[in-house]
Amino acid sequence: MIIPVFAIKNTFRAGIKSWLNAFVLSLSIVSIIWLQGLYKGMYDQGTRAMIDAELGGGQYWVEGYDPYDPFSIEDSHGKITHVLSEMIKEKSAACILIARGMLYKQGRMYSILIKGIDPEQEILSIPSGILKEKNNGIIPALIGTRMAKNSGLKKGDIFTVQWKDSKGVFDAMNFQVSEVMKTTVQNIDNNQIWISLNTMQKIFNMHSEATIVTIKKDIKPVNAGLNWEFKNLDFLLQDMKTLVQAKTAGASILYIILIFLAMIAVFDTQTLSIFKRKKEISTLIAMGMTKNKVIALFTLEGMAYDILAVIIAAIYGVPLLIFTAVKGWKMPAGTDTYGFALGDVLYPVYSLNLVFWTLLFVFILTAIVSYVPSRKIAKIEPAKILRGSTF
Amino acid sequence: MNDKIIETEKLLKEYPMGHAVLKALNNVSLSFDYGEFAGVVGPSGSGKTTFLNIAGTLDSPTSGLCRVLGQNIESLSSRNAAELRTKSIGFIFQTFNLLPAYTVFENIEFPLLLLKIGKDERKKMVADALKWVGLSDRSDSFPKDLSGGECQRVAIARAVVKKPKLILADEPTANLDAENSHNIMRTMRNLNKELGITFIFATHDEKVMRYLKRKITLVDGKVDNDQITEESDKGEKL
Ligand SMILES: Nc1ncnc2c1ncn2[C@@H]1O[C@H](COP(=O)(O)OP(=O)(O)O)[C@@H](O)[C@H]1O
Ligand SMILES: [Mg+2]
């Protein structure tokens, strides 16, 4: 095939204009890969943190439990079935009891969730070990950094929590913040305190009851019996996925604009080039090229920008992408508003798949914007053009 | 079979001119033998270029017959016409029309690539063509670095490199000074003699006419005169 060779020569030798077009194209390629990689990294990182600290290999939910309905929490507890308690004994599951309560601190009142977790559990990365009671009358509680910030509680602080037990009787008790855990997972942090499961079952009068049973990673769920329904990770991560998708779509505005600019530049160059090179086109036809071949040649000339763009993108893009993947992307302060688990530093994840699809997408677009103006070549009358000035 | 390289009968080419029509070619019946070194001459606007374009299958007549290399151009598909041009016809233009992005070598190589000739043979053929036009040392230059005379010699090399049966040259000297004009005419005369390539010119340049063995004068699209010039080599001695 000689036409691609001609096309590459023509474009590569066309000087600064080619490099400018290719540069704009390379910007869109790099920004697509970067942004997609960033959000992929965000999703992976967030997912990993949630699996480690909250979701494990999936959760059994007691009938009626709905994390989005605070009022149903009152009734969302049930007896742990035999199957589940066997799993817990084998350390392949951990249960959590959830109830509502009121936190009093310096005359102020906060509605919170109280969560009971077994201090011996090894399924979740929550530092539950410190919840073990030491018979000194102090009942340790664990809170996360966001909770600490919002409530003003510090390590060592003592606070009062009031609740209604299973019989509807109000009760209250003092707890001491024994640890403020640093976590990116908001679901184990926001508006909640963690206490020992045993204590919680006792004070709430909910013996051998739980709300959630989280199983160990990579364990196959079994039928846990009546009232307990298994929720797999696909279900549990759905919100996260939807959110990241929405964020990705928002960020794609940036590269949609870039790619739009790049395509306009290529289209414009091709249109102008065909207009200016009518004589060259006619000469090619006189030498025996068919019009279709010349159209192919000019379309490929436009696509040769892709090659230049990939070269340019490789020069600055590869180091840039590797740098951000290794060093990470420091999230600006207040990124908590993203609404899900995010580290301070995000590590973008670039896959070959991502690079491949990005390039294919850009190549197809360039092919289209190169082909459309090239079709005008079919209308050129070489006899008219070649007679030149001596008309 | 046909022993004429070009044969036309009652060739008519009309262009609309407002309400009237302009007859760029009017009843032109001409024939050329293989190996001729002939020219269509006449004042500007007399139809020379129109004739060459039709003979070169780049244009088609309004009516009349035109056979080129044994093919009736009216019945050729555009693909077949392109193939005929690739294989058998070379063009030389007043404005040289070299491909600006390609070197001298690449410009001359181009028609051979269209013919799908192998690399080694291509190299040899281009080298020969460069020798014929005396530009062996400019092989790697780009057209923008050449003088007008050099450009036209590259264009000649590009037209002859594939040793076509027919070369059509439209005002090849119009952009050249006298010395370069004589130079390229001598070159083409030699190629005609040595390779047997048929050259047909369109020109109103006296310097060119001196080299022609046959002059067909067009006036207002009509053949006014068709004469064989005996002393066609006269110009070479000047
Ligand atoms: N595309 C065209 N439309 C209208 N008139 C044309 C066109 N091409 C050529 N002509 C006219 O045809 C006549 C012959 O033109 P041409 O063959 O170029 O003459 P020459 O080459 O002898 O100068 C001229 O009068 C020219 O104006
Ligand atoms: Mg003319």
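First, a word on what this report is: a plain description of the structure on this page. What you see is a predicted model; the values in this text were computed from it and never measured.

## Regarding the site of ligand 1
Ligand 1 sits among 15 residues. The nearest are Arg387(A), Gly45(B), Lys48(B), Thr49(B) and Thr50(B). More than a single chain frames ligand 1: its nearby residues are located in chains A and B. Compared with its free state, where it exposes 560 Å², ligand 1 has 87% of that area covered by protein. Elements with a minimum of two residues in the shell around ligand 1: strand 2 (20–28) and helix 1 (48–55) of chain B. For the shell around ligand 1, the element with the most residues is helix 1 of chain B, which contributes three residues. Among the residues making up the shell around ligand 1, the classes are represented as five nonpolar, seven polar and three charged.

## Things to note about the environment of Asn187(A)
Along the chain, the position of Asn187(A) falls in the loop between strand 7 (170–181) and strand 8 (192–196). Put simply, Asn187(A) and Leu365(A) are 178 residues apart on the chain and 42 Å apart in space, counted from C-alpha to C-alpha.

## Some thoughts on the side chain of Thr50(B)
Turning to its location among the elements, Thr50(B) is positioned in helix 1. Thr50(B) has contacts with Arg387(A), Lys13(B), Tyr15(B), Ala24(B) and Leu25(B), leaving out every residue within four places of it along the chain.

## With respect to helix 2 (residues 78–88) of chain B
Burial in helix 2 of chain B covers these residues: Ala81(B), Ala82(B), Leu84(B), Arg85(B), Thr86(B) and Ser88(B). On its buried face, helix 2 of chain B is in contact with helix 8 (278–286) of chain A together with strand 5 (63–68), strand 6 (71–72), strand 7 (89–92), helix 3 (104–114) and strand 8 (166–170) of chain B.

## Re the nonpolar core
Grouped burial of nonpolar side chains is what soluble globular proteins tend to show. Membership of the largest hydrophobic core comes to 88 residues, with the highest contact counts inside it found for Ile114(A), Phe159(A), Phe175(A), Ile193(A) and Trp194(A). Per-element tally for this core: the top contributor is helix 2 (residues 16–55) of chain A, with 15 residues. Residue assignment places this core across two domains, with domain 1 (2–51 + 239–386) and domain 2 (58–231) of chain A each supplying three or more. Setting aside chain neighbours within four positions, we find Phe175(A) in contact with Ile139(A), Ala141(A), Asp157(A), Ile158(A), Phe159(A), Val161(A), Trp163(A), Ile195(A) and Ile203(A). Counting residues in each nonpolar core, the second largest holds 54 residues, with Leu386(A), Phe110(B), Leu166(B) and Ala202(B) among its members.

Conventions used here
- Residues numbered from 1 in each chain as written.
- Chains lettered and ligands numbered in written order.
- Predicted model: local features only at pLDDT ≥ 70, side-chain atom pairs only at ≥ 80, totals over all residues.
- Heavy atoms only, no water.
- Near = heavy atom within 4 Å.
- Areas by Shrake-Rupley, 256 points an atom, 1.4 Å probe, with all protein chains shown as cover.
- Helix = DSSP H or I, 4+ residues; strand = E, 2+ residues; numbered from the N terminus.
- Nonpolar A, V, L, I, M, F, W, Y, C, P; charged D, E, K, R; others polar.
- Contact = heavy atoms within 4.5 Å.
- Buried < 20%, exposed > 50% of the residue type's maximum accessible area, 1.4 Å probe, protein only.
- Core = buried A, V, L, I, M, F, W, Y, C linked by side-chain atoms within 4.5 Å.
- Domains from an automatic or database assignment.

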